[in-house]
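What the coordinates show
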Amino acid sequence: MHRRRRTALLLTAALTAAAPLLTACGNDARPGAAAVVGGQRITVSQLENRVNEIRAAQQAAVPDGAQYEQAIARTGSLTRDTLHSMVLDRVLERAASDAGVTVTPKEIQGMRFGLEEQAGGAEALESAWLQQYGIPPERLDGNLRLQLQAQKLAQRLGTDTSRPEFWQALSEASKKLDVDLNPRYGTWDDEKSSRVDAVTPWVREVTGAAGAQPVA
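A brief report on the enclosed structure follows. For clarity, every value in this text was computed on a predicted model and none was experimentally measured. (Residues numbered from 1 in each chain as written. Predicted model: local features only at pLDDT ≥ 70, side-chain atom pairs only at ≥ 80, totals over all residues. Heavy atoms only, no water.)

1. A closer look at the overall build of the chain
Note the following rule: Elements are defined by DSSP. Helices are runs of H or I of four residues or more, strands are runs of E of two residues or more, and each kind is numbered from the N terminus. Under the scheme applied here, a residue whose accessible area is under 20% of the maximum for its type counts as buried, over 50% as exposed, and between as partly exposed, the area being computed with a 1.4 Å probe on protein chains only. Methods summary: accessible areas were calculated by the Shrake-Rupley approach with a probe of 1.4 Å, and residue burial reflects only the protein chains presented.
A count of helices and strands for the chain gives eight helices and seven strands. Across the 216 residues of the chain, 43% fall into the buried class. As displayed, the chain offers around 11100 Å² of accessible surface, 50% of which is attributable to carbon and sulfur atoms.

Take a look at the structure:
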């Protein structure tokens, strides 16, 4: 169980911090979209709602105002990081589907139970996932599902989630989905399955208690 927990932690870190090269970006024909993945829009509103969920969970976990401000300062790129995760989740879903990988609710609960035992309870696990990976409690089961998808995909490929073969499968899925980011959030590199910051000095990101919103 310890090895499975370590794998999940490493994978979460990898999926939220993949690295970057510049590629072609989206166009203005997608009003109101933060990104388009496989023809499906991730709207700016959906992105802002997800960011607000994280900020609300952070504020509830750290009631002290000064500590909350420190938490905000440590996650100043939260909007862009959150969009990266939302897009990468869909890329992983596609790669898993292409490989015939499925995950059952029983498997998710089994993984959660094991992690809760190691963390010292449900609240401790939720706090750890929020602090380390920016996953609010209501998104924890969904994130664990993605961890299991990634692990089972790697097994299907005869590799593990740190190996190039695994990331090549994500790259192929990324290309099939034709990811198109709103330029204000950067660009998407299919080869790295990662969001890349565009050089846009006229855009700044403002974060606060109500959420993080990029403002031109």
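That shown, we press on.
2. Examining the sheet that holds strand β2 (residues 40–43)
Rules: In this description, strands pair whenever DSSP reports at least two bridges between them. Note on definitions: a residue-residue contact is assigned when non-hydrogen atoms from the two residues lie within 4.5 Å. Interaxial angle, 0 to 180 degrees, is taken between N-to-C directions of lines fitted to C-alpha atoms, where a helix line uses only the stretch in contact.
Sheet architecture is open: three strands sit in the order β2-β1-β3, paired in antiparallel fashion. Either end of the sheet is taken by a strand with one partner, and the two such strands are β2 and β3 (180–181). With two bridges joining them, strand β1 (residues 33–37) and β3 adopt antiparallel strand pairing. Note that in β3 the partner of Ala35 across the bridge is Leu181. Docked against the sheet, helix α4 (residues 78–98) engages β1, β2 and β3, running at close to 160 degrees with respect to β2.

3. Focus on unusual backbone geometry
Notably, Asp178 is not glycine yet its phi reads approximately 50 degrees, a positive angle. On the accessibility criterion, Asp178 (56% relative accessible area) is exposed. Here the phi dihedral of Ser193 falls at roughly 50 degrees; this positive angle occurs in a residue that is not glycine. Position of Ser193 among the secondary structure elements: in the loop between β4 (187–189) and β5 (194–196).

4. What to know about the pairing of β1
Burial analysis of β1 places five of its five residues in the buried class, the great majority of the element. Remark: two residues form the turn of the hairpin made by β1 and β2, two consecutive strands paired antiparallel; Gly38 in that turn has positive phi of roughly 60 degrees.

5. A few points about the packing of aromatic side chains
Formally: For Phe, Tyr and Trp, where Trp contributes only its six-membered ring, two rings pair if their centres lie within 6.5 Å, and the inter-plane angle classes them as stacked under 30 degrees, edge-to-face over 60, or tilted in between.
One pass over the full model with this rule turns up two aromatic pairs. When the ring of Trp129 is compared with that of Tyr133, the centres are 5.2 Å apart and the planes differ by 75 degrees; the resulting orientation is edge-to-face. Separated by four residues within a single helix, Trp129 and Tyr133 lie in helix α6 (residues 122–133), roughly one turn from each other. The pair Trp129 / Tyr133 is uniform in exposure class, with both members buried. Ring plane angle 90 degrees and centroid distance 5.5 Å describe the contact between Phe166 and Trp167, whose orientation is recorded as edge-to-face. For Phe166, a relative accessible area of 0% gives the class buried. Judged by its relative accessible area of 18%, Trp167 falls in the buried class.

6. What to know about the pairing of β2
With four bridges joining them, β1 and β2 adopt antiparallel strand pairing. Across the sheet, Ala35 pairs through a bridge with Ile42, a residue of β2.

7. Focus: the packing of α4 against helix α7 (residues 140–156)
Applied cut-off: With respect to orientation, any angle under 35 degrees is reported as roughly parallel, any angle over 145 as roughly antiparallel, any angle of 65 to 115 as roughly perpendicular, and every other angle as oblique. Here a crossing is taken to be left-handed if its near helix is turned anticlockwise relative to the far helix by less than a right angle, and right-handed if that turn runs clockwise. Amino acid classes used here: Ala, Val, Leu, Ile, Met, Phe, Trp, Tyr, Cys and Pro are nonpolar; Asp, Glu, Lys and Arg are charged; the rest, including Gly, are polar.
Packing of α4 against α7 brings their axes to within 10 Å, and their N-to-C directions diverge by 40 degrees. Classed by the angle they form, the pair α4 and α7 counts as oblique. Judged by the sense of rotation from one axis to the other, the crossing of α4 with α7 is left-handed. Between α4, through Asp89, Leu92, Glu93, Ala95 and Ala96, and α7, the contact on the second element is made entirely by Arg145, Leu146, Gln149, Ala150 and Leu153. Taken together, the residues that form the contact of α4 with α7 break down as six nonpolar, one polar and three charged.

8. A short note on the environment of Val103
Along the chain, Val103 turns up in the loop between α4 and α5 (105–119). Take Val103: its relative accessible area is 16%, and that puts it in the buried class. Discounting chain neighbours no more than four positions away, the residues touching Val103 are Ile108, Arg145, Leu148, Gln149 and Lys152.

Worth remembering: the numbers are spatial, not functional.
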